[in-house]
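Descriptive structure summary
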Amino acid sequence: MNLEAIRAEFPITKRWSYFNHAAVAPLPKCSAQRMREAIEEEMNLGRINEEGIPQVRRLAAQLLNARPEEIAFVGNTSEGLSILANGIRWHEGDRVITAGVEFPANVYPWLNLADQGVKTQFLPQQDGRIRLEDLLHSIDIHTRVVALSFVEFSSGYRNDIQTIGEVCHNQGIYFILDAIQGLGALKLDVKRAKVHALSTGGYKWLLGPLGTGILYIAPEFMDELKVWLVGWMNVVNAEDFLNYELKFLPDARRFESGCLNLPGIYGLGASLKLLIDIGIEKIERRIHHLTDRLCQGLKRKGYHIFSPRGANEWSGIVSFYHPKIPSPRLLEILTRDRIVVSLREDRIRVSPHFYNTEEEIDRLLKALP
Ligand SMILES: Cc1ncc(COP(=O)(O)O)c(C=O)c1O
């Protein structure tokens, strides 16, 4: 990895030690440039060429080990999850299992089904983990959906999606993933994990712009979903305007209702290409190395690491606290030193990406009292 060349893609590195990719990532130059080109085109020609869209769909599919026909573009994670939650044909008494520490984007779409008789159950968090045995205990004949995050936003715990996918598959339960806190940092194979559907915004670990997102839907799940967000573009004869035959597209584009955010999607495409060209395995190894260095340094200084750090449960998120110094005070100190992190549930959350350096990690450690 030519770190110098890579860091040139991130002008933010000149001003800040930026460890906040679990919140919003800074745009790499290539993404900003691609959006600028699209906007120039819109300004000068009155429209933007749509021909690059299939390529971005291919890149999104490649990252997930999916097929382009299984990818729809959405505006954010919430929109994708809502398309799914309202697309399932529910029966009174059905249940959804999620976790009591999920980000609300993966909670409200399910709670909002209460008036259809759908009950949402919450798994507890134990030592920063969502335990498999709790999930197994909660599943019964009424369970229709397990909806979890790939990586939990606050603890950074990586759910064992392979095992959960297997369990859901064997019991005829839909497995739905909010992937925004892992995709772009960690390898994710939707086929191996037997995920029915996945939604993610593009603006965290994927390094894309706000207002972009990816919705993956497994082919065998697609026809079970009702298309309810309907406009002029979901259909086969979209360009035959006065032919009102309501025949949905055979692929995931049937979930796209109208004109897309072209500059945003092109920007996302440039960011996806950057990640894929570097290689997601390399990125994952680098993030592991940086977060391990951080955890070791934190322990030496007497801080408590809340994030599970075992072999298959670590992620790019490190959440920690000091037994005596309040976390808001730590946040103040770090911010003053031009180090960007977040405060989540009274803990400091650090989320470095592959372009951060060992020196930056050491700077953060040194800045901490
Ligand atoms: C797990 C998780 N899901 C979703 C979101 C954001 O949702 P959206 O993309 O709809 O803005 C966040 C943001 O912090 C998150 O941590």
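Up top is the structure these notes are about.
Residues numbered from 1 in each chain as written. Predicted model: local features only at pLDDT ≥ 70, side-chain atom pairs only at ≥ 80, totals over all residues. Heavy atoms only, no water.

1. Regarding the packing of aromatic side chains
- A complete count under the given rule lists eight aromatic pairs for this structure.
- The interplanar angle of 80° and the centroid separation of 6.4 Å between the aromatic rings of Trp90 and Trp110 together place this pair among those described as edge-to-face. On the criterion of sequence distance, the pair formed by Trp90 in the loop between α4 (77-85) and β3 (95-99) and Trp110 in helix α5 (residues 108-111) is long-range, its members being 20 residues apart. Per residue, the accessibility class of Trp90 equals that of Trp110, and both read buried.
- Seen in terms of ring centroids, Phe354 and Tyr355 are 6.0 Å apart; in terms of plane orientation they differ by 90°. Their pairing is edge-to-face.
- On the basis of relative accessibility, which here comes to 0%, the residue Tyr355 falls in the buried class. (Phe/Tyr/Trp six-rings, centres within 6.5 Å; stacked < 30°, edge-to-face > 60°. Helix = DSSP H or I, 4+ residues; strand = E, 2+ residues; numbered from the N terminus. Buried < 20%, exposed > 50% of the residue type's maximum accessible area, 1.4 Å probe, protein only.)

2. Describing the nonpolar core
- Formed by 93 residues in total, the largest nonpolar core has its most connected members in Leu64, Ile176 and Phe221.
- Ranked by residues supplied to this core, first place goes to helix α9 (residues 262-278) with nine residues.
- Once residues within four sequence positions are removed from consideration, Ile176 is found in contact with Leu81, Leu84, Ile88, Trp110, Val145, Val146, Ala147, Leu148, Ala197 and Phe221.
- Grouped together as the second largest cluster of nonpolar side chains are 19 residues, Leu290, Val318, Leu364 and Leu365 included. (Core = buried A, V, L, I, M, F, W, Y, C linked by side-chain atoms within 4.5 Å. Contact = heavy atoms within 4.5 Å.)

3. Focus: the sheet that holds strand β12 (residues 342-344)
- Strand order in this open sheet of four strands is β9-β10-β13-β12, and the pairing throughout is antiparallel. A single partner strand is all that each edge strand has here, and the edge strands are β9 (304-305) and β12.
- Two strands pair when backbone bridges link them, and β9 and strand β10 (residues 318-321) are joined in this way by two bridges, in the antiparallel orientation. Its bridge partner being in β10, His304 is matched across the sheet by Tyr321.
- With respect to the sheet, helix α10 (residues 280-300) is in contact with β9, β10 and β13 (347-350), its orientation differing from that of β10 by roughly 10°.
- Sheet contacts for helix α11 (residues 327-336): β10, β12 and β13; angle to β13, the most-contacted strand, approximately 40°. (Pairing = 2+ DSSP bridges. Axes fitted to C-alpha atoms, helices over the stretch in contact; angles between N-to-C directions.)

4. What to know about α4
- Here α4 has its buried residues at Thr77, Gly80, Leu81, Ile83, Leu84 and Ala85.
- Residues of α4 that are buried sit in contact with β2 (71-74), α5, β6 (174-178), β7 (197-201), β8 (213-217) and α8 (219-222).
- Where α4 begins, one side-chain oxygen reaches toward the backbone nitrogen of Ser78, 3.2 Å away; that side chain belongs to Asn76. (Polar contact = N/O pair within 3.5 Å; in protein donor to acceptor, adjacent residues only side chain to side chain.)

5. Describing the environment of Phe306
- Within the secondary structure, Phe306 is located in the loop between β9 and β10.
- When residues no more than four places from it in sequence are discounted, the contact partners of Phe306 are Gln125, Gly128, Ser155, Ser319, Phe320 and Arg347.

6. Topic: the pairing of strand β5 (residues 143-149)
- In terms of residue burial, β5 counts as a mostly covered element, since seven of its seven residues are buried.
- Relative to β6, β5 runs parallel, the two sharing five bridges. The residue of β6 that forms the bridge with Ala147 is Ile176.
- This β-α-β element, β5 to helix α7 (residues 161-171) to β6, shows right-handed connectivity. (Right-handed = clockwise from strand over helix to strand, strands pointing away.)

7. Notes on the packing of α10 against helix α12 (residues 358-367)
- At a minimum axis distance of 10 Å, the contact between α10 and α12 shows a crossing angle of 25°. The pairing of α10 with α12 is recorded here as roughly parallel in orientation. For α10 against α12, the interelement crossing comes out right-handed. Judged by residue contacts, Arg286, His289, Leu290, Arg293, Leu294, Gly297 and Leu298 of α10 engage Glu358, Ile361, Asp362, Leu364 and Leu365 from α12.
- In terms of residue class, the contact of α10 with α12 is made up of six nonpolar, two polar and four charged. (Parallel < 35°, antiparallel > 145°, perpendicular 65-115°, else oblique. Left-handed = near helix turned anticlockwise from the far one by under 90°. Nonpolar A, V, L, I, M, F, W, Y, C, P; charged D, E, K, R; others polar.)

8. Examining the pattern of salt bridges
- Summed over the entire model, instances satisfying the criterion amount to 20 salt bridges.
- In this structure, Asp292 engages Arg309 in a salt bridge whose closest nitrogen and oxygen atoms are separated by 3.0 Å. Of this pair, Asp292 sits in helix α10 while Arg309 sits in the loop between β9 and β10; the two residues are 17 residues apart in sequence, bridging distant segments of the chain.
- On the basis of relative accessible area, Asp292 is assigned to the partly exposed category, the value being 27%.
- Through salt bridges with shared partners, a single network forms among Arg67, Glu69, Glu70 and Lys191. (Salt bridge = Lys/Arg side-chain N within 4 Å of Asp/Glu carboxyl O.)

Worth remembering: the numbers are spatial, not functional.
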